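A look at the structure
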Amino acid sequence: MKLKSNALQQAIKFALATTAAGLFVSGSAIAQEEQTEVKVNKNVEKIAVVGTRSAPRSIGDSPVPIDIIGGEELGKSGNTDMLELLKGSVPSLNVHQNPISDAASLVRPANLRGLPSDSTLVLLNGKRRHRASVIAFLGGGINDGAQGADISVIPSIALKQVEVLRDGAAAQYGSDAIAGVMNFVLKDASEGGSLEVRKGEYYEGDGDTTQISGNVGLPFTDSGFANLSFQYKTADATSRSVQRPDAAALKAAGNSDVSSLAQVWGAPEVDDDISIFGNVGLELTNDSQFYMFGNYSERDVRGGFYYRNPHTRPGAYSNDGGETLLVGDLTGDMSGNCPTITIDDNVLDNPDYINGVANNPDCFAFNEMIPGGFTPNFGGNITDTSLTIGTKGEFTGGFFEGAYYDLSGTVGYNESRYFIYDTINASLGPESPRDFSPGKYAQLEKNFNFDISKGFDFDLAYDVNIAGGLEWHEETFTVTSGDVASFTAGPLTEQGFSIGSNGFPGFKPADAGEYTRRNYAAYVDVEAPFTEEFLMGLALRYEDYDSFGSTTNYKLMGQYHLTEDLNIRGSISTGFRAPTVGQANVSNVQTNLSSGVLVDSALLPPTNPIATQLGGTELEPEESKSYTFGAVYTMGDLFLTVDYYNIQVDDRISQSDKIELSQADKDTLEAAGVPNVQSLAQVSFFTNDFDTTTQGVDLVANYSAELFNGSSTFSLAYNWNETEVTRATDITGAFKVSRLENDLPNHRATLSWAQQWESFSAFTRVNYFGEYQGVHVDYDATAKTADAAVTLDAEVTYFLNDSISFSVGAQNLLDQEAEKLDFQDATGIPNNNWGGQYYETSPYGINGGFYYAKATYTF
């Protein structure tokens, strides 16, 4: 794998800039390794490394629910994508595969507790992780317009554990922590390591996946460590498609150039997917440490798109729905006298077409160049890099003696350069290239923070812990224009041929720009153990943005031990999510299905005059109120937690419903310089257009015992989640409301059994997915209530010796099939015009069973 030079230069530049500029600190993550010896009662509200790999998945002595997923558990899976690994361990986390979903196919969004991906804050070693540059324009309902972090770049072999805080935490961490927080903790060993090779494919014989990963711990002088990890992966595309009826009809009529499978629904091809992570720590003195960690990741992704029918595609083959052929006059002065061609079953056999176009050098139709129609492939190169440098320790003198501090700085960068293949810029006629680079998006974030925490003796059961901190954050979203052919208006523009790369027109120089926002914050956090049984905590955070102003949020939490084995806990908090700079400024043209018809739709900034005319306004932050109440019960080897949660979010930000354009709207857009206006059918924009209430219950149980002449661990995790749209504007759309409320299953559960013997181990997990709303191509006529389903995962490992092991396993071992499409058109005839077999919203995917083998060397 050869790293792209410009991306590598960016990584080096960021490293130098961060080293020179200073240091960054996260919100309330004061708890570091040196504090783990302090009583747990004094560190209950800390998202940090608070347990070992054998610790229960939920921390019992915390007033808020936290799940711990160990690195070993993450490794017991056939999946190589971190999103899929977490989905199997956290039932309140849902991830869709999003076939044919523009950029959402490149960076898949994930949903914690039924909220969009950018409502979950992602941390790495307790530090805020930058968001991806990809905005999910076609995000499958709940994620429309979401811009979350790219979790998929994190390899499981680099992780010590993952901590999932299932509670609102904006008062500690700021924006995005409405649904919860996921903290990825990197390994920090100074010796040993492992090397793993994994190979697998789907039962259907496609999706062949190869992964090579490794981790090594090295001493960094006598007082530190350098822990390094890498992962290299390739994955072939999958297809769960049937031939489209229109393509089949063309082929039956004699058009031999139509592909045998015109349109593919499946997972995209992933090539040269490499991630390198490093984690460094050094003890400077007995009371201070230096740390540094970061990553460089890159991958190429390529997936399918919608088929362009050679009789009906607007702007390329016909502009009247397939009645007559779109023919261009190439003379320059319209002297070619090009004929009007009526389209029949196969226009290629029409004598008027043969004589008047195919054999007439003055006239042109794309049927000459691409007679069977075309299916663009959409892809991108995703680059992600970050670096955090800091110091932490304990003050040894003065007023702050005994206080812990954390001072650090971070910079994160994510770039998505888009490519679209096997398409055309129709306005260029026969001179059109077939492949284009429409441009790129980039997200750059910088953070600087200082945190301090100290215990004070107020004659309570233990010291009262008081923490405080400051944060400065800058976010920049950059749009870079594409190659000239991807956006230029060619000589056939005035004759009705569409402008720009068909399917994803390139960003024009006028669309390019750099948009920046800065904010600063201050917080205070108090944890008071009034008695040995009763603990309370209060956090306050003030945050000021240079775009929309300031916000203040709080969190109040408590825990009471009723008995030695049983305690109750709860919290109430407010939160917010700031609109991203990208959401406030991005614009593009999408190709999507509307009521089953392929149309072009323009996404405009919410302050664009057309957006304003249709109801758009400057974006404001989402605001939330949430509370949780639960209990923790421990008896011997049994550990059980049950927590109820309620999250109310006002003024949620998402992409508006796509609004049909009038001719007057089109004229205004054309005057403003928007390309292909006359071919646009719809327009949308980001807006604060609805409120929701999400409630649910999380249940987690663990039990360990000596059984079957070995060691057994049983884990049960269950989530009930329900979302109700409590307010919606006219631009929200009834079907969007339905998708928000019904697309995700209300009930999810996992039951796992891990068994260990001297030379063998086995792992089995049963996954339950409740009923959900089946939807295909974002079309309300396809919606139905899909059945609940159960899938089974299993893995068996043989330990040849202390260093070498071999594993075989399967995801969806019994090959549980996704819900099949069975909707009908307006005439009552079964309809599958778009070549799919299964509903896209299947919570366990559409690809079926996957088997794999892996070999691991540990040293």
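The rules behind these values
Residues numbered from 1 in each chain as written. Predicted model: local features only at pLDDT ≥ 70, side-chain atom pairs only at ≥ 80, totals over all residues. Heavy atoms only, no water. Helix = DSSP H or I, 4+ residues; strand = E, 2+ residues; numbered from the N terminus. Buried < 20%, exposed > 50% of the residue type's maximum accessible area, 1.4 Å probe, protein only. Contact = heavy atoms within 4.5 Å. Areas by Shrake-Rupley, 256 points an atom, 1.4 Å probe, with all protein chains shown as cover. Polar contact = N/O pair within 3.5 Å; in protein donor to acceptor, adjacent residues only side chain to side chain. Phe/Tyr/Trp six-rings, centres within 6.5 Å; stacked < 30°, edge-to-face > 60°. Lys NZ or Arg CZ within 6 Å of the ring centre and 35° of its normal. Pairing = 2+ DSSP bridges.

Some points on the overall build of the chain
When its secondary structure is counted, the chain shows 11 helices and 36 strands. Evaluated residue by residue, the chain yields a buried proportion of 60% over its 859 residues. In the chain, the share of contacts with a sequence separation of at least 24, taken over all contacts with a separation of at least 6, comes to 71%. Looking at the chain as shown, the accessible area adds up to about 31,300 Å², and 54% of this sits on carbon and sulfur atoms.

Here we look at the side chain of serine 712
With respect to the element layout, serine 712 can be found in strand E29 (residues 710–728). Classification of serine 712 by relative accessible area gives buried; the value is 0%. At a separation of 2.2 Å, a polar atom in the side chain of serine 712 contacts the side chain of glutamine 755.

Focus: the packing of aromatic side chains
Describing an aromatic ring pair means giving the distance of the ring centres and the angle of the ring planes. Inspection of every chain in the model, using the stated rule, returns 33 aromatic pairs. With 5.5 Å between their ring centres and 85° between their planes, tyrosine 418 and tyrosine 441 make a pair best called edge-to-face. Taken together, the residues span a long stretch of sequence, with tyrosine 418 in strand E16 (residues 404–421) and tyrosine 441 in strand E17 (residues 436–456) at a distance of 23 residues. Note on accessibility: tyrosine 418 and tyrosine 441 belong to one class, buried. Measuring from ring centre to ring centre gives 5.4 Å for phenylalanine 769 and tyrosine 844, while their planes differ by 45°; the resulting arrangement is tilted. Of this pair, phenylalanine 769 sits in strand E31 (residues 760–769) while tyrosine 844 sits in the loop between strand E35 (804–811) and strand E36 (850–858); the two residues are 75 residues apart in sequence, bridging distant segments of the chain. Overall, the relative accessible area of 3% leaves phenylalanine 769 in the buried class. For the cation-ring pair, arginine 113 lies above tyrosine 645, with the distance from its terminal atom to the ring centre recorded as 3.7 Å. Cation over ring: arginine 240 sits above tyrosine 202, and NZ or CZ is 5.8 Å from the ring centre.

A few points about the sheet that holds strand E1 (residues 66–70)
Pairing is mixed in the open sheet, where 5 strands are placed in the order E1-E6-E7-E4-E5. Since the sheet does not close on itself, it has two edges, and those belong to E1 and strand E5 (127–128), each with one partner. Two elements, strand E4 (residues 120–124) and strand E7 (residues 180–186), share 5 bridges in a ladder whose sense is parallel. From the neighbouring strand, leucine 124 faces E7, where its bridge partner is phenylalanine 184.

Here we look at unusual backbone geometry
Phi is positive for aspartate 778, close to 50°, though the residue is something other than glycine. On the secondary structure map, aspartate 778 appears in the loop between strand E32 (772–776) and strand E33 (779–786). Phi is positive for aspartate 815, close to 55°, though the residue is something other than glycine. Its location among the elements puts aspartate 815 in the loop between E35 and E36. In this structure aspartate 815 comes out as partly exposed when scored by relative accessible area, which is 34%.

Thoughts on the pairing of E16
The buried fraction of E16 is high, at 14 of 18 residues. As judged from the 18 bridges shared by strand E15 (residues 377–394) and E16, these two strands associate in the antiparallel manner. Each residue of the ladder has a partner; that of glycine 380, found in E16, is tyrosine 418. For E16 and E17, the ladder comprises 16 bridges, and the chain directions are antiparallel. The residue of E17 that forms the bridge with arginine 417 is lysine 440.

In short, the description is geometric, and any link to function would need to be established separately.
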